[in-house]
Amino acid sequence: MGNPFKFGTIVDGQYFTDRTKELQYVEQILQSENHLVLISPRRFGKSSLVNKALEQTTRKHIVINMQSVTSVQNFASRLMGALFRLYPGEKMKHLMTHFRVVPTVSTNPMTGSVDVSFNPSMNSDVILEDAMELLQKVSTEKNRLIVVLDEFQEIDGIKGFDKQLRSIMQTQQHINYVFLGSQESMMESIFEKKKSPFYHFGQLMRLAKIPYEDFKQYVAERLNEELAEEILAFTDCHPYYTQQIAAQVWDLVNYEHEETDLIPKAIERLVTLHDLDFERLWLNFNKSDRRVLQELSKSVGNNPLSDRSFPTSTTFSILKKLMRQGYVIKTDRYEIEDPFFRRWVMERG
Ligand SMILES: Nc1ncnc2c1ncn2[C@@H]1O[C@H](COP(=O)(O)OP(=O)(O)O)[C@@H](O)[C@H]1O
Ligand SMILES: [Mg+2]
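As a convention, each chain's residues are numbered from 1 in the sequence order in which they are written. Note on labels: chains are lettered from A, ligands numbered from 1, in written order. Given that this is a predicted model, residues contribute local features only at a pLDDT of at least 70 and side-chain atom pairs are listed and counted only at 80 or more, while totals for whole chains, interfaces and linings are drawn from all residues. Computation of side-chain values covers all heavy atoms of the structure but excludes hydrogens and water.

Draft legend 1. Structural view of helix α12 (residues 275-284). Of all the residues in α12, the buried ones are Phe-278, Leu-281 and Trp-282. Seen along its axis, α12 keeps its buried residues to an arc of 100°; they face one direction. α12 presents Leu-276, Arg-280, Leu-283 and Asn-284 as exposed residues on the side facing more than 90 degrees away from its buried surface. The secondary structure elements touched by the buried residues of α12 are α11 (262-273), α13 (287-298) and α15 (339-348). We call a residue buried when its accessible area falls under 20% of the maximum for its residue type, exposed when it is over 50%, and partly exposed in between, using a 1.4 Å probe and counting protein chains only. Helix numbering and strand numbering both begin at the N terminus, where a helix is a DSSP run of H or I of at least 4 residues and a strand a DSSP run of E of at least 2. The arc in question is formed by the directions pointing from the helix axis toward the C-beta atoms. By the convention used here, residues are in contact when the closest approach between their heavy atoms is within 4.5 Å.

This is the structure in C-alpha cells:
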C-alpha cells in the first residue's frame, strides 16, 4: 500500500474528506443562474471542492487558472483551447463563423491538447469578445456551461482586464462562472468594493478549515486516534499541512519502522527540510514584522489581539500586510499560516 495521504495538488476520491455541506451549496448555485465566488486562504481546498462538484455533474465545464494567464490574448487562447477539447473537430469550425480574427490552431499529437494562438498585432478586445462569444454559443438554458476561473485575484496583474471581462460577462446568459481566490483581501476588493467592476457579481462563499471531528477520523483511520489528535493539535486542522505531516508520519512508521515520538520527529524533518527557505523569508522581514510573527508563534490557541497588550494600530497594519502576503491568516484568530514556519519562529524566539 502506498502513502494514504496526499498534499499539494487537487485531491479527490479516498483523499477527499468532509465538505458535504459546502459541496451541496456549490451545486445549488451551479443549478441556478448565479455565479459563485469562493474565497479562502491558499491550500484550504477550494480547487478540490470545485473539482468534486464538477465531477458530479454531467454538464460541460472549463477550468482556467489565472495564475498562468499572461495577457488578455493569452486568456482568450486558453479559453479556446479548452473549448476545442470539449468540442473537437467540425463543431468548433462551425461555431467560429463569427470570428473577426482567425487564430492558429495546432494539436499536439502526443497529448491531444489543442494550442490556440493569435497574431500578437491583433486587437485584444476583439479577440476577447469573439472568444467569450463562443462560450455563449455553446451554452443553452438546458445545458449551461460552467466556467471556473481559479486564482482569480491574479486578474489584477493585467490592467483593465477586469472591466473588459465584466462588461462581456454581464451580457451573457446561461453560463455559471465560478471565481476562486486565495488572496482574501484582493478577492474582497474585487467582489465587495462598490467601485469594482465585479461588485456583487456572484454569491460569496468562504471556505473554512476541515472540521476537527471529521479530519480526526480521516487521519485516525490511516494512522491511529492518538496520532491523529497530536497531528491536529499541531496543524489546527489546516487541510494541506495536516495531510503533509500525516504523510510524513506514515512514512516514518511504514518505511523507517519508527515507533516513538513520531510527531516530534515528523515536525523536525519538515522544519529542517524548509530551514533554508524559512531563513531567507525571515531575513526579508523587518523588525516589526518579526516581532509580530514571534508573538503569533507563541500564541497557539488564543487570540493575541484579544490580549490588550497586543493590538496597537501599528500591529494591526503589520498583521494586514502579512495577511496580504499570505504569511498570516485569520480564522477565529490571527495565526501564522504555516505551522512548520510557526515552529521555526518559535524555536528562534
Ligand atoms: N476535502 C479535503 N479532504 C482532505 N484534504 C484536503 C481536502 N481539500 C484539500 N485538502 C488538502 O489541501 C491541499 C490543497 O488543496 P487545494 O484544493 O489545492 O486548495 P486551494 O485550491 O484552496 O489552494 C490538498 O492537496 C490536500 O492535501
Ligand atoms: Mg487552488
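Draft legend 2. Looking closely at the site of ligand 1. The cutoff for a nearby residue is simple: one of its non-hydrogen atoms must lie within 4 Å of the molecule or strand. In the vicinity of ligand 1, 20 residues are found, and the nearest of them are Lys-6, Thr-9, Arg-43, Ser-48 and Gln-243. Each polar contact in these results corresponds to two N or O atoms within 3.5 Å; when the atoms are within protein, one needs to be able to donate a hydrogen and the other to accept it, and residues that are neighboring in sequence are counted only if both atoms are side-chain atoms. Arg-43 is positioned with one of its backbone polar atoms (N or O) 2.7 Å from an oxygen atom of ligand 1. Note that accessible areas follow from Shrake-Rupley with a 1.4 Å probe, and for residues the cover is restricted to the protein chains shown. Summarising the interface, the protein chains cover 96% of the accessible area of ligand 1, which totals 570 Å² for the free molecule. Secondary-structure elements contributing two or more residues to the shell around ligand 1 are α2 (46-55) and α10 (239-254).

Draft legend 3. Structural view of the domain arrangement of the protein. Each domain's extent was defined by an automatic or database domain assignment. As far as domains go, the protein holds domain 1 (19-206), domain 2 (220-273) and domain 3 (283-348). The gap between the C-alpha centroids of domain 1 and domain 2 is 38 Å. Residue-level contacts link four residues of domain 1 with four residues of domain 2. A quick way to say it: buried area is the sum, across both parts, of accessible area lost when two parts are put together, with a 1.4 Å probe. With both sides pooled, the region where domain 1 packs onto domain 2 buries about 360 Å², and carbon together with sulfur makes up 56% of that total. For domain 1, the biggest contributors to the area lost against domain 2 are Arg-42, Arg-43 and Phe-44; these three give 95% of the whole. Three residue categories are used. Nonpolar comprises Ala, Val, Leu, Ile, Met, Phe, Trp, Tyr, Cys and Pro, charged comprises Asp, Glu, Lys and Arg, and polar comprises the others, including Gly. Grouping the amino acids of the side of domain 1 that touches domain 2 by side-chain chemistry returns one nonpolar, no polar and three charged.

Draft legend 4. Up close: the side chain of Gln-73. Within the secondary structure, Gln-73 is located in helix α3 (residues 72-86). Within the structure, Gln-73 has its side chain in polar contact with the backbone oxygen of Met-122 (distance 3.1 Å). Look past the residues within four positions of Gln-73 in its chain and what remains in contact with it is Phe-118, Asn-119, Pro-120, Met-122, Ser-124 and Ile-127.

Draft legend 5. Fine view of the packing of aromatic side chains. Aromatic pairing here means that ring centres of Phe, Tyr or Trp (its six-membered ring) are within 6.5 Å. Orientation follows from the plane angle: under 30 degrees is stacked, over 60 is edge-to-face, and everything else is tilted. Throughout the structure, instances matching the rule amount to 24 aromatic pairs. Centroid distance Tyr-177 to Phe-179: 6.1 Å. Interplanar angle 25°. Geometry classified as stacked. Judged on exposure class, the residue Tyr-177 and its partner Phe-179 are both buried. Cluster of aromatic residues (ring-pair linked, three or more members): Phe-152, Tyr-177, Phe-179, Phe-191, Phe-198 and Phe-201. Whether a charge lies above a ring is judged from NZ of Lys or CZ of Arg, which has to be within 6 Å of the ring centre and within 35 degrees of the ring normal. Sitting over the ring of Tyr-240, Arg-43 keeps its end group 4.1 Å from the ring centre. Against the face of Phe-234 rests Arg-342, its NZ or CZ located 5.5 Å from the ring centre.

Draft legend 6. Region of the structure containing a positive patch on the surface. Taken together, the side chains of Lys-193, Lys-195, Lys-320 and Arg-324 make up a positively charged region of the molecular surface. You can see Lys-193 is positioned in the loop between α7 (184-192) and β7 (203-206). The patch calculation keeps residues exceeding 30% relative accessible area without a salt bridge and links them within 9 Å when they carry like charges or within 5 Å when they are nonpolar (Val, Leu, Ile, Met, Phe, Trp, Tyr). Counted as salt bridges are all cases of a side-chain nitrogen of Lys or Arg within 4 Å of a carboxyl oxygen of Asp or Glu. Think of it this way: Lys and Arg go in the positive column, Asp and Glu in the negative one, and His and the chain ends go nowhere. Every charge is mapped onto a representative atom, which is NZ of Lys, CZ of Arg, CG of Asp or CD of Glu.

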